[in-house]
Amino acid sequence: MSTAELPASHAELMDGVYRWQRHIYDLTRKYYLLGRDRLIDGLDVPQGGAVLELGCGTGRNIVLAARRYPDARFFGLDISAEMLETANAAIAREGFSGKVKLARGDATDFDAKALFGVEHFDRVFVSYSLSMIPGWEKTVTAALAVLAPGGSLHVVDFGQQEGLPHWFRTMLRGWLRKFHVEPRASLRDVLESESERADATFRFRTLYRDYAWLGVIKIAI
């Protein structure tokens, strides 16, 4: 999907939300986007492997993953031009411009070959983005479609906070709505269903009293 074909309403919404927020995003989100580093540690990228992040935002996760797996190649996709500007700057500061390639696109419908020159990836990960993407289920399907044999999809996002006090859940949901974020109650069911459809294995765990959910779908070799 070309930049001209991006869903204008959502792209413009994300640019509007993060035009200024992107400058303080990483400073503030570290307090409540929990489980991201656990996801990165669990990628277990093979030597020379290709890794794609859908909804790469400020580039924070790709930078950490590139440090963690120095022999891998990294690719990032985001619908917000504003976020990509920040991500490219962060990647350049780290000296990773030669090993990380970013592109603007819709995570629910993208052509990896056209955007990156790569058709399949050893790892795909999505960190706290499905809760922001309209039609997010299509992102799961699209991610699995670009996995190489033996590859895996890693997802971390908000859970349902059922193990936390009701007042906390109410406060969190109200705060998230300000940024057009909606925890996906059916996330586990969708991941499990998609793994069955792909004849893949599925692992799922709740984190921090159901604050966050972490799921991994691994494709057979």
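For the structure, see preceding data.
Below is a short write-up of the structure. (Residues numbered from 1 in each chain as written. Predicted model: local features only at pLDDT ≥ 70, side-chain atom pairs only at ≥ 80, totals over all residues. Heavy atoms only, no water.)

1. Section: the sheet that holds strand β1 (residues 50-54)
Sheet strands pair by backbone hydrogen bonding; their relative direction is either parallel or antiparallel. Spatially, the seven strands line up as an open sheet ordered β3-β2-β1-β4-β5-β7-β6, and their pairing is mixed. Each edge of the open sheet carries a strand with a single partner, namely β3 (100-104) and β6 (201-207). Within this sheet the neighbouring strands show an average axis-to-axis angle of 15°, counted without direction. Inspection of the sheet shows strand β2 (residues 73-78) paired to β3 by five bridges, in the parallel sense. When the bridges of β3 are listed, G76 appears paired with L102. Running over the sheet, helix α4 (residues 60-68) touches β1, β2, β3 and β4 (121-127) and is turned about 175° from β2. Along the sheet, helix α5 (residues 81-94) makes contact with β2 and β3, crossing β3 at roughly 170°. (Pairing = 2+ DSSP bridges. Helix = DSSP H or I, 4+ residues; strand = E, 2+ residues; numbered from the N terminus. Axes fitted to C-alpha atoms, helices over the stretch in contact; angles between N-to-C directions. Contact = heavy atoms within 4.5 Å.)

2. So, the packing of helix α7 (residues 137-145) against helix α9 (residues 187-197)
Where α7 contacts α9, the axes come no closer than 10 Å and their chain directions differ by 35°. Here α7 runs over α9; the crossing is right-handed. Where α7 approaches α9, its residues E137, V140, T141 and L144 are matched on the opposing element by V190, L191, E194 and R197. Residues belonging to the contact of α7 with α9 are distributed by class as follows: four nonpolar, one polar and three charged. (Left-handed = near helix turned anticlockwise from the far one by under 90°. Nonpolar A, V, L, I, M, F, W, Y, C, P; charged D, E, K, R; others polar.)

3. Examining the environment of I219
Along the chain, the position of I219 falls in the segment after β7 (212-218). Through-space distance from the C-alpha of I219 to that of D122 is 9.8 Å; in sequence the pair is 97 residues apart.

Purely geometric numbers; function is a separate question.
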